[in-house]
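Residue-level listing of the chains:
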Amino acid sequence: MKPAPFEYHCPRTVDEGTALLAEYGDDAKVLAGGQSLVPLMNMRLARPANLIDINRIESLAYIRDDGRTLRIGALTRQRATERAPQVSERCPLLRDALRLVGHAQIRNRGTIGGSIAHADPAAELTAILVALDGEVTARGPKGTRVIAARDLFVSYLTTSLDPRELLTEVCFPALPAGAGWSWMEIARRHGEFALAGVGVVLAARGGTIATARIGLTGVGPTPVRPAEAERLLAGRSPSEDLWKGAAEAVRAAVTPDGDIHASAEYRTHVAGVLTQRALREAWERVREAA
Amino acid sequence: MPLRRITLRVNGTTYTGEAEPRKTLADFIREDCGLTGTHLGCEHGVCGACTILMDGQTVRSCLMFAVQAEGAELTTVEGLADGDRLHPIQQAYWDHHALQCGFCTPGFLMTTVEFLNDNPQPTEREIREGLAGNLCRCTGYQNIVKAVAAAASTLAAASGARRETRTAAPSRATDVMAAPRKTDGTPAASQRPRHSGKTAKRRSGPKR
Ligand SMILES: Cc1cc2nc3c(=O)[nH]c(=O)nc-3n(C[C@H](O)[C@H](O)[C@H](O)COP(=O)(O)OP(=O)(O)OC[C@H]3O[C@@H](n4cnc5c(N)ncnc54)[C@H](O)[C@@H]3O)c2cc1C
Ligand code: FES
Ligand code: FES
């Protein structure tokens, strides 16, 4: 038997799920797609006494477009999300990044909420949520609260969610009409965790950049939103020099660690290169849409 | 820990067993259903050897607990061949020397089933990306890529032929894998004859 013993709970509704979490709290773990939690349990790095399996809470799997935002139920599978027409239409950045989250076999089980709650420092979705100023909804003993992306990610694998709270919804704001986007990442093998990755959204006014949004992953304990680079781009006419300047500002904003996969210097350098490429591609898409 | 009663269907046969909640689906399939074609390499989601189909979609059976599959329809590598006749994807792997020790092969085959269902006419790059979640220590992948390309052509030719002769209507364009057929439940796990009920199986690929 790989994992340590646990008590298994299988709630059918959000109310049942939150009641179980209120009861077992610190001694419990929510099981969503299991693509991050079960490896940890199999290696006995995680040994929850109680496992609260939310896979039968059907009301948590949905994608709704409220006109401004895509509201995605926490249990919605990553694969279903990447294939949803609303996502292609309203937030193609999310679709493109999802295609690089692990492999199809992983995304068939892995959930949107699980990726956000797990907060892996190299996850794609966390960077996108931060870049778009998205938010999440959580339910706990004290009721329901909405948490902005910038207040959610605290450190490596750590969010501001309370262990007694169930993440119920993740909201990705739709891209503005006519905006260009790009997701770029570098990994050793297709589908592996990124050594560094960047998501970019450029909104245009005439021939100039109205606003730029940038989110980076793999280059620090939490996703990085390089404010200086975004400021530098806003209101300017696109050019290779501008992309280069933004790349430098990105390099100044990131604080990656080195590990066996790549050194800190490499990740910093690559974050800049990817930003330049992503800005170029995003602007091409602006022009195509115009 | 108390045991849980678990009932699920594998390759059209119903299995009932008892297991602790912490028993992985992969271990349940191997130890309680007696189907040892599903292999375990890493047991943390990386190698793909344990890949099976659950309700038609590939999953890592090492990353699920058996209790979670209660009521699910599973297909393992044992469900591909029709008696002694190999599934076209298996045949293509054989023809193109796409396996050496064979440890990774069940996972590759199940991945290929879903991949060709989703993308019946893949480019080589798409094949490589589609297989990236499975590791092979022997072949160097070249022949696996060739086998998948060949299987795609065989299946395309077969579904074209089927369309022309208007025989049994496949539910999906390529019908790489027919939906698991319904049979009566056979509770006994490991003592079950290996090919029980196989004759009733609806074949999906071309007869070779
Ligand atoms: C081989 C492999 C490659 C991968 N590659 C990538 C990659 O490139 N990029 C990437 O981003 N990810 C990758 N992953 C991780 C994958 O995306 C996971 O699906 C994801 O990180 C977690 O989602 P899950 O639904 O599987 O959550 P689980 O594993 O079930 O849970 C993860 C954590 O989140 C908590 N949690 C889950 N749902 C909730 C909820 N609703 N409320 C509160 N807490 C919750 C759990 O308690 C647990 O602590 C990979 C995984 C594998 C096995
Ligand atoms: S054994 Fe399941 S992925 Fe390696
Ligand atoms: S054939 Fe030996 S691992 Fe693939």
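Residues numbered from 1 in each chain as written. Chains lettered and ligands numbered in written order. Predicted model: local features only at pLDDT ≥ 70, side-chain atom pairs only at ≥ 80, totals over all residues. Heavy atoms only, no water.

## Side note on the overall build of chain B
This is how it is decided: Secondary structure elements follow DSSP: runs of H or I of four or more residues count as helices, runs of E of two or more count as strands, with numbering from the N terminus. For every residue, the accessible area (1.4 Å probe, protein chains only) is compared with the maximum for its type, and the residue is labelled buried under 20%, exposed over 50%, or partly exposed between those bounds. Contacts are assigned to residue pairs with any non-hydrogen atoms lying within 4.5 Å of each other. What sets the accessible areas is the Shrake-Rupley method with a 1.4 Å probe; for residues, cover comes only from the shown protein chains.
Within chain B, the secondary structure is distributed over 5 helices and 5 strands. Ordering the α and β elements of chain B from the N terminus gives β-β-α-β-β-β-α-α-α-α. Within chain B, the fraction of its 208 residues that count as buried is 57%. Considering only intrachain contacts with a sequence separation of at least 6, the fraction spanning at least 24 residues in chain B is 62%. Roughly 9,300 Å² of accessible area belongs to chain B as shown, and the carbon and sulfur atoms make up 51% of that amount.

## Observations regarding the UniProt feature "domain: FAD-binding PCMH-type" (unreviewed entry) in chain A
The condition is simple: UniProt positions are given in the numbering used here, feature names are shortened, and annotations may be inferred rather than shown by experiment.
When the UniProt feature table is mapped to this numbering, "domain: FAD-binding PCMH-type" (unreviewed entry) covers residues 1-177 of chain A. When the span residues 1-177 of chain A is considered, its composition is 31% helix and 25% strand, and the gap between its end C-alpha atoms is 52 Å.

## Focus on the sheet that holds strand β10 (residues 166-173) of chain A
All names here are of chain A. Counted only if it meets this: In this description, strands pair whenever DSSP reports at least two bridges between them. The axes are straight lines fitted to the C-alpha atoms, using for helices just the contacting stretch, and the angles between their N-to-C directions are given from 0 to 180°.
Sheet architecture is open: 5 strands sit in the order β4-β5-β10-β6-β7, paired in antiparallel fashion. Two strands bound the open sheet, and with one partner strand each, they are β4 (63-65) and β7 (143-148). For this sheet the average axis-to-axis angle between neighbouring strands, irrespective of direction, equals 20°. One ladder, built from 5 bridges, connects strand β6 (residues 135-140) with β10; its direction is antiparallel. Residue pairing for β10: alanine 138 is matched across the bridge by leucine 167. Most of the contacts of helix α1 (residues 14-24) go to β10, to which it runs at about 120°, and overall it touches β6 and β10. Strands in contact with helix α8 (residues 124-131) are β6 and β10; relative to β10, the strand with the most contacts, it is inclined by about 60°.

## With respect to the interface of chain A and chain B
Counted only if it meets this: Once two parts are joined, some of their accessible surface, as seen by a 1.4 Å probe, is lost; buried area is that loss totalled over both. Each salt bridge in this description consists of a side-chain nitrogen of Lys or Arg and a carboxyl oxygen of Asp or Glu lying within 4 Å of one another. Polar contacts, as used here, are pairs of N or O atoms within 3.5 Å; protein pairs need one atom able to donate a hydrogen and one able to accept it. Residues neighboring in sequence count only if both atoms are side-chain atoms.
Contacts between the two partners involve 32 residues from chain A and, on the opposite side, 32 residues from chain B. Of the roughly 2,700 Å² buried between chain A and chain B on both sides combined, carbon and sulfur atoms contribute 55%. Contact with chain B buries area across many residues of chain A, yet A:Met1, A:Tyr8 and A:Gln105 alone supply 24% of it, more than any other trio. Here chain A is connected to chain B by 3 salt bridges. When the shortest N-O distance is used, the salt bridge between B:Asp118 and A:Arg83 registers 2.8 Å. Summed over the shared surface of chain A and chain B, the result is 16 residue pairs in polar contact (both at pLDDT 80 or more). Mapped by element, the contributors of at least two residues to the side of chain A that touches chain B are β1 (7-9), α2 (37-42), β3 (50-53), α3 (78-83) and α6 (104-107) of chain A.

## A few points about the domain arrangement of chain A
Put simply, the test is: Each domain's extent was defined by an automatic or database domain assignment.
Partitioning chain A into structural domains gives domain 1 (7-54), domain 2 (61-173) and domain 3 (180-289). Distance between the C-alpha centres of domain 1 of chain A and domain 3 of chain A: 36 Å.

## Looking at the domain arrangement of chain B
All names here are of chain B. Examined at the domain level, chain B breaks down into domain 1 (1-79) and domain 2 (81-170). Distance from the C-alpha centre of domain 1 to the C-alpha centre of domain 2: 22 Å. In this assembly, 20 residues from domain 1 lie in contact with 14 residues from domain 2. For the domain 1 and domain 2 pair, buried surface summed over both sides reaches about 1,200 Å², with 59% attributable to carbon and sulfur atoms.

## Some thoughts on the packing of helix α2 (residues 88-95) of chain B against helix α3 (residues 105-118) of chain B
Residues and elements named next belong to chain B. Quick note on the threshold: For classification purposes, angles smaller than 35 degrees are called roughly parallel, those larger than 145 roughly antiparallel, those between 65 and 115 roughly perpendicular, and all remaining angles oblique. Crossing handedness is defined as follows: a turn of the near helix away from the far one that is anticlockwise and smaller than a right angle gives a left-handed crossing, while the clockwise case is right-handed. In this classification, the charged set is Asp, Glu, Lys and Arg, the nonpolar set is Ala, Val, Leu, Ile, Met, Phe, Trp, Tyr, Cys and Pro, and all remaining amino acids, among them Gly, are polar.
α3 packs onto α2 with a crossing angle of 125° between their chain directions and a minimal axis gap of 10 Å. Comparing their axes, α3 and α2 come out oblique. For the crossing formed where α2 meets α3, the hand is right-handed. Within the contact between the two elements, α2 uses Ile89, Gln90 and Tyr93 and α3 uses Thr105, Phe108, Leu109, Thr112, Val113 and Leu116. By residue class, the composition of the contact of α2 with α3 is 6 nonpolar, 3 polar and no charged.

## Some words on unusual backbone geometry
Residues and elements named next belong to chain A. The residue alanine 119 is not glycine, and still its phi comes out positive at about 55°. Relative to the assigned elements, alanine 119 resides in the loop between α7 (112-118) and α8. Non-glycine residue leucine 157 carries a positive phi angle of around 55°. Mapped onto the fold, leucine 157 is located in the loop between β8 (153-155) and β9 (158-159).

## Considerations on the site of ligand 1
Threshold: Near, as used in this document, describes a residue that has one of its heavy atoms within 4 Å of the molecule or strand being considered.
Close to ligand 1 lie 31 residues, the nearest being A:Val30, A:Gly34, A:Ser36, A:Leu37 and A:Thr111. Per-site note: the chains with residues close to ligand 1 are chains A and B. Separating an oxygen atom of ligand 1 from a backbone N or O atom of A:Val30 is a distance of 2.6 Å. At the level of elements, β2 (28-31), α7 and β10 of chain A are the ones that each hand at least two residues to the shell around ligand 1. Per-element tally for the shell around ligand 1: the top contributor is α7(A), with 4 residues.

## A short note on the packing of aromatic side chains
Just so we agree on the cut-off: In this analysis, rings of Phe, Tyr and Trp, with Trp reduced to its six-membered ring, are considered paired at centre separations within 6.5 Å, and the interplanar angle assigns stacked below 30 degrees, edge-to-face beyond 60, and tilted for intermediate values. Geometrically, a charge over a ring is one whose NZ (Lys) or CZ (Arg) sits within 6 Å of the ring centre while staying within 35 degrees of the ring normal.
Evaluated as defined, the whole model comprises 2 aromatic pairs over all chains. Considering the side-chain rings of B:Phe108 and B:Tyr141, the 6.3 Å spacing of their centres and the 50° angle between planes classify their relative orientation as tilted. Note that B:Phe108 is positioned in helix α3 and B:Tyr141 in the loop between α4 (124-130) and α5 (142-165), a separation of 33 residues in sequence. Residue B:Tyr141 is classed as partly exposed on the basis of its relative accessible area, which comes to 28%. Above the ring of A:Tyr62, the side-chain terminus of A:Arg64 is found at 3.8 Å from the ring centroid. Looking at A:Arg285, its charged tip hangs above the ring of A:Trp181, at a distance of 4.2 Å from the centre.

## Topic: the pattern of salt bridges
Residues and elements named next belong to chain A. Within the structure shown, the criterion is met by 28 salt bridges over all chains. Note that arginine 107 is salt-bridged to glutamate 82, the shortest N-O span being 2.7 Å. Note that arginine 107 is positioned in helix α6 and glutamate 82 in helix α3, a separation of 25 residues in sequence. Accessibility classification places arginine 107 together with glutamate 82 in one group, the buried group. Notably, a salt bridge pairs glutamate 240 with arginine 280, separated by 2.9 Å at the nearest N-O pair. You can see glutamate 240 sitting in helix α10 (residues 240-253) and its partner arginine 280 sitting in helix α11 (residues 264-289), a full 40 residues away along the chain.

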